[in-house]
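Here is what each chain is made of, one letter per residue.
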Amino acid sequence: MSKPWRPATQLVHGGTTRSQHGETAEAIFLTQGFVYDTAEAAEARFKGETDGFIYARYGSPTNDMFEKRMCMLEGAEDARATASGMAAVAAAILCQVKAGDHIVAARALFGSCRWVVETLAPRYGIECTLVDGRDLANWEKAIRKNTRVFFLESPTNPTLEVVDIAGVARLADQIGAKVVVDNVFATPLFQKPLELGAHIVVYSATKHIDGQGRCLGGVVLSDKEWINTHLQDYFRHTGPAMSPFNAWTLLKGIETLPLRVRQQTENASRIADFLAGQKQVARVIYPGRSDHPQADIIARQMTGGSTLVCLELKGGKDAAFALQNALDVVKISNNLGDAKSLITHPATTTHKNLAEEARAELGIAAGTLRFSAGIEDGDDLLEDFARALSRVPA
Ligand SMILES: *Cc1c(COP(=O)(O)O)cnc(C)c1O
């Protein structure tokens, strides 16, 4: 290869291996196991003296193509594909801690991610401190002698706050801790946590990477040493492996990631600007707008806005429900990153399990809605919002 490929090329060709048939599209290897020509070959494979697959829970050819393609895009040395985003998050955190260790995490997390660090980890003697991740001083104050892992999402769900990833990474390096970044909301195109100093990146591939509402998936990416030391045994022996069929679906999905994310971001940005000027709207939070409260950090660490928009209606829950019910092109759904535009009311869906107070801390009000832009024609989306808003009292 003469020059490193640019992302759009990596996502079409990266990691592809072909069978003896020379197929154009990636093949699906739906096999649990692998056969060896001789007993000696099996012995050598198990000793790690020869390359090759052993058992699909450890690794398999279609998954390997997906992992290599993701590594190329992320600039990571190694990766493991998992059955869901949560399998990736849980593995990335739990594989590297033991009883007596301490985790510091931003409190603005995807609901299940928060459960893993706030509820599950303490059951095994791993303590966790949740902080307001917007201020670096809070991360520093939370550090203890036994702090091993920092965990964050940026931008966050649903209020699109951002965390200074390079700043958190500097703090972690001072104490030899590892930073795990859930990069779903930024997408692998708009933010490179490893370049910013983070050590481990996780994705729910269910979101933009599939992008067409078909299957669950996840991936953990890092350097070879961390994967070999921490993730490898955990992954092999607890079994969160992705189905090869889903790896194939995701390989197809990721080919069009740049096209979809570009259209979604353009649509999100147009809708954010439109909503910001409407009398029923109290506020719009969008990482691509100069009025985002942390626009300076965004300029340093992100190369694109977002495919998501957070808005708050003045009329509270009634107005939020009225708007959702009046939308036609935009569907009501708690998923995100899909080709179809989706809208959800966090207080009664994704964040309903948080106490009112915890929701308030995260800026989730009764009138807050999260919009995930699809790839439809932006004019249709604008008309849909304009028509639906006209039914919402100011
Ligand atoms: C969806 C999501 C997850 C969980 O992914 P699944 O594939 O649904 O398991 C984790 N983190 C973030 C930020 C998400 O949006």
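It should be emphasised that the depicted structure is a prediction, and the values quoted were computed from it without experimental measurement.

Here the structure, examined in full by the defined rule, presents four aromatic pairs. Note on Phe371 and Phe385: the rings are 5.1 Å apart at their centroids and 90° apart in plane angle, and the pair reads as edge-to-face. You can see Phe371 sitting in strand E12 (residues 368-372) and its partner Phe385 sitting in helix H15 (residues 378-389), a full 14 residues away along the chain. When sorted by exposure, Phe371 lands in the same class as Phe385, which is buried.

Another aspect to go through is the sheet that holds strand E9 (residues 308-313). Note: strands within a sheet are paired through backbone hydrogen bonds, in either parallel or antiparallel orientation. In spatial order, the strands read E8-E9-E12-E11-E10; together these five strands make up an open sheet with mixed pairing. Two strands lie at the open edges of the sheet, namely strand E8 (281-285) and strand E10 (331-332), each paired on one side alone. As paired strands, E8 and E9 are joined by four bridges and run antiparallel to one another. When the sheet's bridge partners are listed, Arg283 is paired in E9 with Glu312.

Right, let's get into a nonpolar patch on the surface. On the surface, a cluster of nonpolar side chains totalling about 290 Å² of accessible area is made up of Ile28, Leu30 and Phe245. Tracing the chain through its elements places Ile28 in the loop between helix H1 (7-13) and helix H2 (39-47).

What follows covers the domain arrangement of the chain. When cut into domains, the chain gives domain 1 (7-255) and domain 2 (257-389). Between the C-alpha centres of domain 1 and domain 2 there is a distance of 27 Å. Taken together, the contact pairs 39 residues of domain 1 with 37 residues of domain 2. Between domain 1 and domain 2, a total of about 3,100 Å² is buried, with carbon and sulfur atoms accounting for 61% of that surface. The largest share of the area that domain 1 buries against domain 2 comes from Leu160, Phe190 and His208, three residues that together contribute 23% of it. There are two salt bridges connecting domain 1 and domain 2.

Here the largest pocket is characterised by a volume of approximately 780 Å³. In terms of lining residues, the largest pocket is bounded by 29 residues, among which Gly52, Phe53, Asp64, Lys68 and Arg80 are the most central. Every element with two or more residues in the lining of the largest pocket is listed here: H2, helix H3 (61-74), strand E1 (78-82) and helix H9 (224-238). The element that contributes the greatest number of residues to the lining of the largest pocket is H3, accounting for six residues. Along the lines of polarity and charge, the residues of the lining of the largest pocket split into eleven nonpolar, eight polar and ten charged.

Counting residues in each nonpolar core, the largest one holds 30 residues, and the members touching the most others are Phe66, Met70, Ile209 and Leu221. Looking at this core, the element that brings in the most residues is H3, giving five residues. Summarising the domain contributions, this core has at least three residues from each of domain 1 (7-255) and domain 2 (257-389). When near neighbours in sequence (up to four residues on either side) are disregarded, Ile209 contacts Phe66, Met70, Tyr203, Leu250, Gly253, Ile254, Leu257 and Arg260. By size, the runner-up hydrophobic cluster in this structure holds 27 residues, among which are Ala90, Val97, Ala105 and Phe235.

Moving on: the state of the cysteines. Inspection of every chain in the model, using the stated rule, returns zero disulfides. Not part of a disulfide, Cys113 finds its nearest cysteine sulfur in Cys128, a span of 12 Å.

On to the packing of H3 against helix H10 (residues 244-255). At a minimum axis separation of 8 Å, H3 and H10 run at an interaxial angle of 35°. Classified by chirality, the crossing of H10 by H3 is left-handed. Across the interface between the two elements, Thr62, Asn63, Met65, Phe66, Arg69 and Met70 from H3 touch Pro244, Ala247, Trp248, Leu250, Leu251, Ile254 and Glu255 from H10.

What follows deals with the environment of Val201. In this fold, Val201 is placed in strand E6 (residues 200-204). Taking the relative accessible area as the measure of exposure, Val201 reaches 0% and is therefore buried. Residues Val201 and Phe151 lie 50 residues apart in sequence; the distance between their C-alpha atoms is 10.0 Å. Among all residues touching Val201, those that are not within four sequence positions of it are Glu74, Val181, Asn183, Pro193, Leu194, Val219, Val220 and Leu221.

Reading guide: rules and limits
Residues numbered from 1 in each chain as written. Predicted model: local features only at pLDDT ≥ 70, side-chain atom pairs only at ≥ 80, totals over all residues. Heavy atoms only, no water. Phe/Tyr/Trp six-rings, centres within 6.5 Å; stacked < 30°, edge-to-face > 60°. Helix = DSSP H or I, 4+ residues; strand = E, 2+ residues; numbered from the N terminus. Buried < 20%, exposed > 50% of the residue type's maximum accessible area, 1.4 Å probe, protein only. Pairing = 2+ DSSP bridges. Patch = residues over 30% accessible without salt bridge, like charges linked within 9 Å, V, L, I, M, F, W, Y side chains within 5 Å. Areas by Shrake-Rupley, 256 points an atom, 1.4 Å probe, with all protein chains shown as cover. Salt bridge = Lys/Arg side-chain N within 4 Å of Asp/Glu carboxyl O. Domains from an automatic or database assignment. Contact = heavy atoms within 4.5 Å. Buried area = accessible area lost by both parts, 1.4 Å probe. 1 Å grid on protein atoms, 1.4 Å probe; cavity = no way out; pocket = protein on both sides within 12 Å on 5 of 7 lines; lining within 4 Å. Points joined across faces, edges and corners; volume = space filled by probe spheres on them. Nonpolar A, V, L, I, M, F, W, Y, C, P; charged D, E, K, R; others polar. Core = buried A, V, L, I, M, F, W, Y, C linked by side-chain atoms within 4.5 Å. Disulfide = S-S within 2.5 Å. Axes fitted to C-alpha atoms, helices over the stretch in contact; angles between N-to-C directions. Left-handed = near helix turned anticlockwise from the far one by under 90°.

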